[in-house]
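Commentary on secondary and tertiary structure
Chain by chain, the residues:
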Amino acid sequence: MKPFLLFATLLFLLVFSCRQPEKQLPILSKGKEVNGQTVYEQIPDFAFVGQDSNLVTNATFAGKAYVADFFFTSCPTICPIMTRNMLEIYKHFQDSTNLLLLSHTIDPRRDTVGRLRQYARNLGVRSDKWFFVTGNKDEIYDIADDYFNVVIEDPTLPTGFDHSGRFVLVDPQRHIRAYCQGTDSTAVKKFMEDIETLLHEI
Amino acid sequence: MRSKAILIPSLLIILLLSCESKPYRQGEALYQHYCANCHMDDGSGLAGNIPPLARSDYLAQNQEHIACIIRYGQEGEITVNGRVYQNPMAGIPELTEFEITNIINFINQAWGNDNGYLPLSEVRKSLEDCK
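In this report, the structure presented in the accompanying data block is examined. (Residues numbered from 1 in each chain as written. Chains lettered and ligands numbered in written order. Predicted model: local features only at pLDDT ≥ 70, side-chain atom pairs only at ≥ 80, totals over all residues.)

**Observations regarding the environment of Ser103 of chain A**
All names here are of chain A. For Ser103, the location among the structural elements is in strand S6 (residues 99–105). The class for Ser103 is buried, based on 24 C-beta atoms found within 10 Å. Sequence-wise, Ser103 and Asp69 are 34 residues apart; in three dimensions their C-alpha atoms are separated by 4.9 Å. Look past the residues within four positions of Ser103 in its chain and what remains in contact with it is Asp69, Phe71, Met86 and Phe132. (Helix = DSSP H or I, 4+ residues; strand = E, 2+ residues; numbered from the N terminus. Buried ≥ 20, exposed ≤ 12 C-beta atoms within 10 Å, placed from the backbone. Contact = placed C-beta atoms within 7 Å.)

Here you go:
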């Protein structure tokens, strides 16, 4: 009887000691000191057009977290792998109502709403979960910077564009909480854990 | 007698080692460089937007067209494994006919494909026809 009691107590202690305090993601957005408090930059206001010809703005993501990236449908370099990895994220969080996905085209001239709709349909994804947006080119290129992404038109490249393929995780307060290289499957797996962590907060 | 005792095991070892090395090394390297971004490392393509090469019926049934697609690209609809794809593919004009042959023969036996061997002469003929 006695060894049993001891064993049970030990097991009990072990289980509870393993429970760690809940992990929180840091805020990665640029911060500045205002009156002794750190104020973090937010993703600015935006208004783009989604694949259902619908207006997609900050309000679309109110109270939710979302993953943003930049791509174009005819991109033969990094984008297909990025899209495949975004699709993994989509599938993994398909039933999490608090996570949305937002892909911006950096080639609005060719990526019309119709083309984006076709692309999304081909992937078989829901248009109220994963938004493919187009809009004013300068506005897209500007906001890429806010999402820690670099987009440059480079006519010397065969594809005409140079861009970084980062996935960025934004929280409901419009702060960036995590990012990863969208072409690196290992990094994307770690990123999905970060998404889980953030979703616990919401 | 003694030399035979050495010769046979040596031959066996050489045979074993040669079986283990992967065929179409150049084809594989070129595939990684030119094709894998879109068609993926495992030949699976991208859901609905880029057709698969792994276990692709189109690949198996259109061997005479593959060299032309690699060199000159592909426009318009094609149906692969029952699914219609319409995104264009850019050609890769800088590849030589030898390199194209190596890529095709790598693809033909990769990821469970079993499309046999396509000799250089066939590739040459295809490229001549679609010039």
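**Quick notes on the nonpolar core**
Ranked by size, the top nonpolar core spans 51 residues in total, and within it Tyr66, Val67, Leu101, Phe131, Val168, Leu169 and Val170 of chain A carry the most contacts. Apart from the residues lying within four places of it in its own chain, the contact partners of Val170 of chain A are Ile43, Ala65, Tyr66, Ala68, His175 and Ile176 of chain A. Core analysis: the second largest hydrophobic core is formed by 19 residues, Leu30, Leu53, Ile66 and Ile100 of chain B among them. (Core = buried A, V, L, I, M, F, W, Y, C linked by C-beta atoms within 7 Å.)

**Some points on the sheet that holds strand S11 (residues 176–181) of chain A**
Residue and element names in this part refer to chain A. The sheet built from five strands is open, its strands ordered S7-S6-S5-S10-S11 with mixed pairing. With one partner strand each, in any of the chains shown, strand S7 (130–133) and S11 form the two edges of the open sheet. Going from strand to strand, the sheet's axes swing by 20° on average, the running direction of each strand aside. As defined by bridge partners, S6 adjoins S7 across four bridges and the pair is classed as parallel. Along S7, the bridge assignment pairs Leu101 with Trp130. Strands in contact with helix H2 (residues 79–92) are strand S5 (65–71), S6 and S7; relative to S5, the strand with the most contacts, it is inclined by about 165°. (Pairing = 2+ DSSP bridges. Axes fitted to C-alpha atoms, helices over the stretch in contact; angles between N-to-C directions.)

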